[in-house]
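Letter by letter, the chains look like this.
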Amino acid sequence: MTHVFHRLARLVRHRWTEMHLRKALPPHTLQELETLIAHSELRHTGQVRICVEAGLPFSYIWHDATARQRALSMFGKLRVWDTEHNNGVLIYLLLADHAIEIVADRALHRTMSDEQWQTLISDMQSAFKGGHFHIGLMSALERVSRQLETHFPSRPGTAPSSGHAGLPDAPVVERHLPGKAQ
């Protein structure tokens, strides 16, 4: 019985957070992030995606899935893995659980230690605790971009990274309100 209560309480928290998503990331912030990603990808061969979900889909909540499981799923669903040099990265936020996950493809992951990745996440968490989602995401994007530029720079005559996978630069904002397809 406690599992059912826990799942229902989590479901309510996740749906409640849906109402506050726009406040955390207003349209002008999403537009600025899109522009920064586009400019970043001109300087390296990687692929950067940002995905923000207020809450998980019902099926993930019912199966007690973690933010990490969802981030890995979105990494595949959004085709971040589909880069020539295995250097895509997904910055994933799950607002209801206050969770941040960074999923980096093999080649990019090897360029930083686990401690460096964790420091990046900790810095984002500090900004988010103060309600500064804009600052936390911009800083993370800047640091990931520098890493990609250092280890996977664009070469003259090569197409920018968006040409590799053809993925959009706009952050993905997923909502899972009742009655909406998931």
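All figures in this text were calculated on a predicted structure; none of them were measured in a lab.

Criteria and cut-off values
- Residues numbered from 1 in each chain as written.
- Predicted model: local features only at pLDDT ≥ 70, side-chain atom pairs only at ≥ 80, totals over all residues.
- Heavy atoms only, no water.
- Helix = DSSP H or I, 4+ residues; strand = E, 2+ residues; numbered from the N terminus.
- Buried < 20%, exposed > 50% of the residue type's maximum accessible area, 1.4 Å probe, protein only.
- Polar contact = N/O pair within 3.5 Å; in protein donor to acceptor, adjacent residues only side chain to side chain.
- Contact = heavy atoms within 4.5 Å.
- Axes fitted to C-alpha atoms, helices over the stretch in contact; angles between N-to-C directions.
- Parallel < 35°, antiparallel > 145°, perpendicular 65-115°, else oblique.
- Left-handed = near helix turned anticlockwise from the far one by under 90°.
- Nonpolar A, V, L, I, M, F, W, Y, C, P; charged D, E, K, R; others polar.
- Core = buried A, V, L, I, M, F, W, Y, C linked by side-chain atoms within 4.5 Å.
- Arc of directions from axis to C-beta.

Caption draft 1: Fine view of the side chain of Gln147. Considering the arrangement of structural elements, one finds Gln147 in helix α8 (residues 133-151). A relative accessible area of 16% means that Gln147 is categorised as buried. Within the structure, the side chain of Gln147 is placed 2.9 Å from the backbone oxygen of Thr111, a separation counted as a polar contact. The contact partners of Gln147, leaving out residues within four places of it in the chain, are Leu108, Thr111 and Met112.

Caption draft 2: Here's a closer look at the packing of helix α7 (residues 114-129) against α8. Running from N to C, α7 and α8 cross one another at 160°; their axes reach a closest spacing of 7 Å. By the angle between their axes, α7 is roughly antiparallel relative to α8. The way α7 lies across α8 gives a crossing that is right-handed. On α8, the residues touching Trp117, Thr119, Leu120, Asp123, Met124, Ala127 and Phe128 of α7 are Phe133, Gly136, Leu137, Ala140, Arg143 and Val144. Split by residue class, the contact of α7 with α8 holds nine nonpolar, two polar and two charged.

Caption draft 3: Summary view of the nonpolar core. The biggest cluster of nonpolar side chains holds 33 residues, and the ones touching the most others in it are Val89, Leu93, Trp117, Met124, Phe128 and Leu137. Elements that contribute at least two residues to this core include exactly α2 (21-24), α3 (27-41), β1 (47-53), β2 (88-94), β3 (99-104), α6 (106-109), α7 and α8. Sort the elements by how many residues they give to this core and α8 lands first, with seven residues. Here Val89 is in contact with Gln47, Val48, Arg49, Val80, Ile102, Val103, Ala104, Leu108, Val144 and Leu148, once residues within four sequence places are set aside. In this structure, Leu11, Ala67, Ala71 and Leu78 belong to the second largest nonpolar core, which totals 18 residues.

Caption draft 4: Fine view of unusual backbone geometry. The phi dihedral of Arg79 falls on the positive side, at around 60°, and the residue is not glycine. Locating Arg79 in the fold gives a position in the loop between α5 (67-77) and β2. For Asn86, which is not glycine, the phi dihedral falls at a positive 50°. By relative accessible area, which is 24% here, Asn86 ends up partly exposed.

Caption draft 5: Up close: α5. All of the buried residues in α5 are Ala67, Arg70, Ala71, Met74 and Phe75. The arc enclosing the buried residues of α5, seen along the axis, measures out at 145°, which places them on a common side. Residues of α5 that are buried make contact with β1, α4 (58-62), β2, β3 and β4 (172-174). Of the residues trailing α5, Arg79 is marked for its positive phi of about 60°.

Caption draft 6: Looking closely at the environment of Met74. For Met74, the location among the structural elements is in helix α5. Its relative accessible area of 0% is what places Met74 among the buried residues. Spatially, the C-alpha atoms of Met74 and Val172 are 9.9 Å apart, while their sequence positions differ by 98 residues. Each residue touching Met74, except ones within four places of it in the same chain, is listed here: Cys51, Leu90, Tyr92 and Glu174.

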